[in-house]
Amino acid sequence: YKIHIENSVAVLKIAHLLIRAGTRAKDNSAYHPAANYFLYATEFFPADSWESCYQITLDTYKQLVECEYLRGNFEGAEELYPKIIEKAKTIHEKI
């Protein structure tokens, strides 16, 4: 489901909290919940997040792909990875 929140600062705070929860879950090898947290965080990113908050968007998608891979969802990881390749600005970021 999609939540509509008018305040963009509140929306980004929610995204940051979800990213933090995803990072903690990943650090504890809870890859399925971590992937969900990272995916939910992307739902709160603004439509232009690859331009307006590039680094956090890139990092979140990289974490999401890694969690999908580590939990055995190779197809899911393969579906998401091209978005990183397309949007990343440097070769180093594409790795």
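Anyway, here's the lowdown on the structure attached to this text. No experiment lies behind these values; they were computed from the predicted model shown.

## Side note on unusual backbone geometry
In step 1: Phi at S29 is positive, roughly 60°, even though this residue is not glycine.
In step 2: Examined against the element boundaries, S29 turns out to sit in the loop between α1 (8-27) and α2 (31-43).
In step 3: Judged by relative accessible area, which is 49%, S29 ranks as partly exposed.

## Things to note about the pattern of salt bridges
It is possible for side chains of opposite charge to pair when their charged atoms get near one another.
In step 1: Evaluation of the coordinates by the stated rule reveals three salt bridges.
In step 2: Between R71 and E68 there is a salt bridge, and its shortest N-O distance comes to 2.7 Å.
In step 3: Its relative accessible area of 32% is what places R71 among the partly exposed residues.
In step 4: By relative accessible area, which is 9% here, E68 ends up buried.
In step 5: When the shortest N-O distance is used, the salt bridge between E86 and K87 registers 4.0 Å.

The rules we used
- Residues numbered from 1 in each chain as written.
- Predicted model: local features only at pLDDT ≥ 70, side-chain atom pairs only at ≥ 80, totals over all residues.
- Heavy atoms only, no water.
- Helix = DSSP H or I, 4+ residues; strand = E, 2+ residues; numbered from the N terminus.
- Buried < 20%, exposed > 50% of the residue type's maximum accessible area, 1.4 Å probe, protein only.
- Salt bridge = Lys/Arg side-chain N within 4 Å of Asp/Glu carboxyl O.

Any functional reading would require information that these geometric values do not contain.
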